[in-house]
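Geometric and topological summary
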Amino acid sequence: MTELERRIKAKIPGPDTGIEVRHTMCDICSPGMHCGINAYIKDGKVIKIEGIDGHPSNDGRLCTKGMANREYIYREDRIKTPLKRVGKRGEGRFEPISWDEAYAEIAKGLNRCKETYGAESVAFYSGYSKWYRQMLRRLAYAFGSPNYGCESSACYTAAFMAWKVAAGEQGNPDMGNSDLFLGWAFNPFYSSYMGAHNAMELKEKGLKFLIVDTRRTPATEKLADLFLQPKTGTDGALAHAIANVLIENDWIDRPYIDRYVYGFEEYAEYVRQFNEGNIESITGVPYPQVVAAARLIHENPRMSCNESSAPLCHHRNGLQNYRSVMALLAITGNFDRTGGQKLSVHSYMHVPCGFETRENQYLYETRPKDVKEPVGAERFPLWNYLEGEMQAMDMPRQILEGKPYPLRAVFALGLNGRMFPDSGRMFKALESLDFFVDTDLFMTDTAMWADIVLPACSSFERGEFKPYPGGVAWYTSPVIERIGEARSDVEICTELARVMDLPDEVLKNGYEYFIQHYILDDFGVTVEELKKADLPVRIAEVSTHGDLELLEKGLDTPTGKFELKSAIIEQHPEWGLEPLPTYKEPLDDADPEAYPFVFTSGSRIPGAIHSRLHKVPRNRSLQPEPTADMNQADCDRLGVKEGDWIEISTARGAIRVKVHPTLSVPEKLVNLFHGYSEADAESIMDGDHLDPYSGFPAYRSTRCAVRKAGGN
Ligand SMILES: Nc1nc2c(c(=O)[nH]1)N[C@H]1C(S)=C(S)[C@@H](COP(=O)(O)OP(=O)(O)OC[C@H]3O[C@@H](n4cnc5c(=O)[nH]c(N)nc54)[C@H](O)[C@@H]3O)O[C@H]1N2
Ligand SMILES: Nc1nc2c(c(=O)[nH]1)N[C@H]1C(S)=C(S)[C@@H](COP(=O)(O)OP(=O)(O)OC[C@H]3O[C@@H](n4cnc5c(=O)[nH]c(N)nc54)[C@H](O)[C@@H]3O)O[C@H]1N2
Ligand SMILES: [Mo]
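Being a predicted model, the structure only gives us computed values, none of them experimental. (Residues numbered from 1 in each chain as written. Chains lettered and ligands numbered in written order. Predicted model: local features only at pLDDT ≥ 70, side-chain atom pairs only at ≥ 80, totals over all residues. Heavy atoms only, no water.)

Focus on the domain arrangement of the chain
Just so we agree on the cut-off: Residue ranges for the domains originate in an automatic or database domain assignment. Accessible area that two parts lose when put together, evaluated with a 1.4 Å probe and summed over both, is termed the buried area. Any carboxyl oxygen of Asp or Glu within 4 Å of a side-chain nitrogen of Lys or Arg constitutes a salt bridge here. Counting of polar contacts relies on pairs of N or O atoms within 3.5 Å, with two restrictions inside protein: one atom must be capable of donating a hydrogen and the other of accepting it, and residues adjacent in sequence are counted only when both atoms are side-chain atoms. Secondary structure follows DSSP: runs of H or I at least 4 residues long count as helices, runs of E at least 2 residues long count as strands, and numbering of each begins at the N terminus. Charged residues are taken to be Asp, Glu, Lys and Arg, nonpolar residues to be Ala, Val, Leu, Ile, Met, Phe, Trp, Tyr, Cys and Pro, and polar residues to be all remaining types, Gly included.
Partitioning the chain into domains gives domain 1 (83-156 + 349-538), domain 2 (171-343) and domain 3 (597-708). Distance from the C-alpha centre of domain 2 to the C-alpha centre of domain 3: 27 Å. In this assembly, domain 2 packs against domain 3 so that about 1700 Å² is buried in total across both faces, 61% of it on carbon and sulfur atoms. At the surface where domain 2 touches domain 3, the tally comes to zero salt bridges. Counting the contacts that link domain 2 with domain 3 gives seven residue pairs in polar contact (both at pLDDT 80 or more). Only helix 6 (188-191) and helix 14 (318-331) provide two or more residues apiece to the side of domain 2 that touches domain 3. Broken down by element, the side of domain 2 that touches domain 3 gets its largest block of residues, three residues, from helix 14. Tallied by class, the residues present in the side of domain 2 that touches domain 3 amount to five nonpolar, ten polar and three charged.

Some details on the environment of Thr338
What counts is decided by this rule: The rule is simple: take the accessible area with a 1.4 Å probe, protein chains only, and divide by the maximum for that residue type; under 20% is buried, over 50% is exposed, in between is partly exposed. The contact definition used throughout considers only heavy atoms, calling two residues in contact when any of these lie within 4.5 Å.
The residue Thr338 is located in the loop between helix 14 and strand 14 (341-343) in this model. Relative accessible area serves as the criterion here: at 36%, Thr338 is assigned to the partly exposed category. Measuring from C-alpha to C-alpha, the distance between Thr338 and Arg462 comes to 40 Å, with 124 residues separating the pair along the chain. If we skip the residues at most four places from it in the chain, Thr338 touches Asp174, Asn177, Arg302 and Asp547. At a separation of 2.5 Å, a polar atom in the side chain of Thr338 contacts the side chain of Asp547.

Examining the packing of helix 3 (residues 99-117) against helix 19 (residues 489-499)
Inclusion rule: Here an axis means a line fitted to C-alpha atoms, over the contact stretch when the element is a helix, while the angle between two N-to-C directions is reported on a 0 to 180 degree scale. Here is the rule for handedness: rotate from the far helix to the near one, and if that takes an anticlockwise turn smaller than a right angle the crossing is left-handed, while a clockwise turn gives right-handed.
Running from amino to carboxyl end, helix 3 crosses helix 19 at an angle of 65 degrees, the nearest separation of the two axes being 10 Å. For the pair helix 3 and helix 19, the sense of crossing is right-handed. Contact residues: helix 3 offers Trp99, Tyr103 and Ile106, while helix 19 offers Glu491, Ile492, Glu495, Leu496 and Val499. Looking at the contact of helix 3 with helix 19, its residues break down into six nonpolar, no polar and two charged.

Overview of the UniProt feature "domain: 4Fe-4S Mo/W bis-MGD-type" (unreviewed entry) in the chain
Test applied: UniProt positions are given in the numbering used here, feature names are shortened, and annotations may be inferred rather than shown by experiment.
As recorded in UniProt, the sites labelled "domain: 4Fe-4S Mo/W bis-MGD-type" (unreviewed entry) are residues 19-77. Helix makes up 8% of residues 19-77 and strand 36%, and the two end C-alpha atoms of the span are 27 Å apart.

A look at the site of ligand 1
Note the threshold: The criterion for a residue being near a molecule or strand is simple. One of its heavy atoms has to lie within 4 Å of it. Using a 1.4 Å probe, the Shrake-Rupley method yields the accessible areas, and only the shown protein chains count as cover for residues.
Close contacts around ligand 1 come from 33 residues, with Tyr128, Asp440, Ser601, Ser611 and Glu682 the closest. Ser611 is positioned such that a nitrogen or oxygen atom in its side chain is 2.5 Å from an oxygen atom of ligand 1. Burial of ligand 1 by the surrounding chains reaches 98%, relative to a free accessible area of 910 Å². Its residues assigned to classes, the shell around ligand 1 shows 13 nonpolar, twelve polar and eight charged. The residue makeup of the shell around ligand 1 includes at least three contributed by each of domain 1 (83-156 + 349-538) and domain 3 (597-708).

Here's the deal with the side chain of His23
Take His23: it is sitting in strand 1 (residues 19-25). Look at His23 and you get buried, because its relative accessible area is 9%. In terms of polar contacts, His23 uses its side chain to reach the side chain of Asn38, at 3.4 Å. Within the local environment of His23, its side chain forms a polar contact with the side chain of Asp534, the two groups lying 2.7 Å apart.

Notes on the side chain of Lys342
Structurally, Lys342 is set in strand 14. Taking relative accessible area as the criterion, Lys342 reaches 15% and is therefore assigned buried. A polar side-chain atom of Lys342 sits 2.9 Å from the main-chain carbonyl oxygen of His545. In this structure the side chain of Lys342 is engaged in a polar contact, spanning 3.5 Å, whose partner is the side chain of Asp547.

Side note on the nonpolar core
What counts is decided by this rule: Here, nonpolar core means buried Ala, Val, Leu, Ile, Met, Phe, Trp, Tyr and Cys residues that are tied together by side-chain atoms lying within 4.5 Å of each other.
Formed by 131 residues in total, the largest nonpolar core has its most connected members in Ile242 and Phe562. Ignoring anything within four residues of it in the chain, the contact list for Phe562 reads Trp163, Ala166, Ala167, Tyr260, Val261, Tyr262, Met326, Ala330, Phe335, Leu551 and Leu555. Judged by nonpolar contacts, the second largest core, of 58 residues, contains Tyr348, Met349, Val351 and Tyr518.

Let's talk about the packing of aromatic side chains
Formally: Working definition: rings of Phe, Tyr and Trp (its six-membered ring) pair if their centres are within 6.5 Å, and the pair is stacked with planes under 30 degrees apart, edge-to-face with planes over 60 apart, and tilted otherwise.
Overall, the coordinates contain 26 aromatic pairs when judged by the stated rule. Here Tyr362 and Tyr518 contribute two aromatic rings whose centre-to-centre distance is 5.0 Å and whose plane-to-plane angle is 80 degrees, an arrangement assigned as edge-to-face. One end of the pair, Tyr362, is in helix 15 (residues 359-364); the other, Tyr518, is in helix 21 (residues 511-520), with 156 residues separating them in the sequence. For the pair Tyr362 and Tyr518, a shared accessibility class is recorded, and that class is buried. An angle of 50 degrees between the planes, with centres 6.4 Å apart, marks the rings of Phe465 and Tyr475 as tilted. Of the two residues, Phe465 sits in strand 18 (residues 465-468) while Tyr475 sits in strand 19 (residues 472-475), which places them ten residues apart along the sequence.

Description of the pairing of strand 19
Short version of the rule: Strands are labelled as partners when DSSP assigns at least two bridges between them.
Neither face of strand 19 is left uncovered, since the one carrying Val472 and Trp474 and the one carrying Ala473 and Tyr475 both have all their residues buried. Here strand 18 runs beside strand 19; their pairing, made up of four bridges, is antiparallel. Looking at strand 19, one finds that Phe465 is bridged to Tyr475. Count of turn residues in the strand 18/strand 19 antiparallel hairpin: three residues, of which Gly470 carries a positive phi of about 90 degrees.

Side note on the sheet that holds strand 3 (residues 45-51)
In space, the three strands of this open sheet follow the order 1-2-3, with antiparallel pairing throughout. Only two strands of the sheet have a single partner each, and these edge strands are strand 1 and strand 3. Put simply, the sheet's adjacent strands are angled 30 degrees from each other on average, direction ignored. Examined bridge by bridge, strand 1 and strand 2 (residues 36-42) share seven bridges and lie antiparallel to one another.

Let's talk about the pattern of salt bridges
One pass over the full model with this rule turns up 53 salt bridges. Residue Arg137 is joined to Glu389 by a salt bridge in which the shortest nitrogen-to-oxygen separation is 2.5 Å. Of this pair, Arg137 sits in helix 4 (residues 133-143) while Glu389 sits in the loop between helix 16 (381-387) and helix 17 (395-401), and the two are 252 residues apart along the sequence. For Glu389, a relative accessible area of 7% corresponds to the buried category. Connected via shared salt-bridge partners are Arg379, Asp394, Arg397, Glu401, Arg425 and Asp688.

As for the sheet that holds strand 11 (residues 226-228)
Reading across from one edge, 11-10-9-13 is the order of the four strands in this open sheet, with parallel pairing throughout. In the strand order of this sheet, the two ends are held by strand 11 and strand 13 (303-305), each with one partner. Each neighbouring strand pair of the sheet contributes to a mean axis angle of 20 degrees, computed without reference to strand direction. When strand 10 (residues 208-212) meets strand 11, the two strands line up parallel, connected through three bridges. Bridge assignment links Val212 to a residue of strand 11, and that residue is Leu228. Sitting on the sheet, helix 13 (residues 287-299) is in contact with strand 9 (180-184), strand 10, strand 11 and strand 13, with an inclination near 135 degrees to strand 11.

Some remarks on the site of ligand 2
Around ligand 2 there are 30 residues in total, and Ser191, Asp213, Arg215, Asp235 and Ala608 lie nearest to it. Between ligand 2 and Asp213, the relevant distance is 2.6 Å, taken from an oxygen atom to a side-chain nitrogen or oxygen of the residue. Between ligand 2 and Gly233, the relevant distance is 2.9 Å, taken from an oxygen atom to a main-chain nitrogen or oxygen of the residue. When the residues that make up the shell around ligand 2 are grouped by side-chain class, the tally is 13 nonpolar, eleven polar and six charged. Each of two domains, domain 2 (171-343) and domain 3 (597-708), supplies a minimum of three residues to the shell around ligand 2.

Set out below in structure tokens:
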């Protein structure tokens, strides 16, 4: 018996208790590395959960969100059967129907749109859950629509695009071998507890941290050797000022730049304008701190940095800001290097597991040709060029305006209308559709607007494949019966393809077929064997790239080099975008006199994830009301104290929340978590305050006004 098996066995209750311990995964967050859960089952119900010891993701631990799984899967608002709307849109009156009836209705509704307006008039959309996305994409393509899209229109992809522009692929931090970690908008203590654990361990071993955050956080307090606090969305200017100091002092890697970097001279010339004379007024960071940051980088030559899928990119200048931060890696010779940022082989869903899979073949081999461009293509040409899927942030506009072509139906797995800036416009768009299907575990206030609602099951009720770094793979089996008639999203995609008799036999063969033939065949493993193993097992050798190997071979960019100046953008002047990572002011054009504060929303809180855990009582008890952080001095001026109500308003509207006076946010910044129905951050944002490079919304930088509100 291995040590791991012994540890697991030691916890198993005796047969006389009637309790069985089964293994499943937490699917509440982390689309990549889902954590392992021991589910204690008695009489078919989960009575207790804990982390699985030795699991490659969480090694026995669970976070505040993971601990919520039992309450989450047994939430009272779980949808139990397919539903058909009987009342008006949004009224929430439905009648239960059978799965066969539901599929027949969906086939009829989607085909009617296809016949009237063309297949592209139907969009296939996925919310934050990702495990089923490959199949949803193929469903869209089999139907004939280019319009597959997802929540990644506002998460991660802008960072990925910045990497593609500069290096053709994403680089991952080789943090364990770094001297310095550039934690730019980095607070894993709330967003990724395993990341925090890792960072603390490396800190103890001597890794230095330069943290750049608009707020004080556990990361700035526990990790930072140096902490810079710029104004929201001014990161590009700050990165350029640091670069300028590095260049002026010749603290850069000249031979590396000469051989592997494209566009350095123009970049160096450009960044000169961010200097002692203006940097504090642009970013709020005093110049001596800029110099200190450059010196820290110089003294710690091997540097890697975090991937910021959200805060750096949630600005109208987000992608360019991200490129500006990445440039610091290139000029110091820290890309494709041990201890710097390393390229990894493509595994699965962007998780670098050290082995290659044919996921991309499954994703793209059936992409329809000779169809219209996906939603957002005209408005966000760089997105379209690099991603080729719908930029979902443009969906509400296109539904309402019908331009460049009508978009009349949405088939969704987990759509949350409150993640679209100007969510009011999104709900209007949903109301105006010819046909809307939503699939969710819960009766959400978005599902209310659907014509057909389908009940999805949780990770405890389904089997799922997941690979992990180290050549490891896992295939779970259901640990409880399905709740009501819920089905898994991949079954829904498969069954719908069959009912509609769509021309994709691979899709119609289902999820296990996909995993077997596109992933596991290459390693001589079967789905059955993985299921039987019950816990993660090693299936593949891990391969890594040698230092500078990819730069020597030539990167997948037009010049084969790391591009400080984008040759792709240079070749497309008609896009109106700039090849250098130029800096633009992040805030919207509202009158600063009328709207003197800046609203930033979404910085993670430990107990909630997007809209998901606000309705789980234990998690909600950690912060019972939507609460905005404001600087103590601002609170004093407004005459508000802890727990008082304030109104945050923009030209779009107002929300009422409680206030938390604090020194963790600077003056003039108002910080609120998102996803609440009763205080919807998105409802006061402008739906067109988007980054022209990526289409990403500026969730983190909207001018607003604040006043004391009544009530208790
Ligand atoms: N203001 C502000 N807004 C933000 C952000 C921010 O920082 N600030 N962050 C953005 C980011 S980074 C992200 S990733 C998005 C996330 O935004 P969303 O994708 O909208 O996230 P959720 O609110 O979790 O909504 C997903 C829905 O899927 C449902 N669901 C959960 N599991 C399943 C499943 O297995 N199957 C199906 N069919 N449905 C399921 C949930 O119940 C929920 O209703 O939010 C974005 N919105
Ligand atoms: N508990 C919890 N964990 C989550 C999620 C959740 O909703 N809840 N969501 C998951 C998802 S989908 C994602 S994408 C990740 C995101 O994970 P993170 O990127 O870690 O998310 P945030 O907490 O929003 O941002 C990190 C830090 O960036 C800072 N920041 C905000 N704006 C700026 C800025 O303009 N410049 C700089 N320099 N710093 C800024 C914030 O103050 C915050 O401390 O989290 C994941 N993990
Ligand atoms: Mo995200």
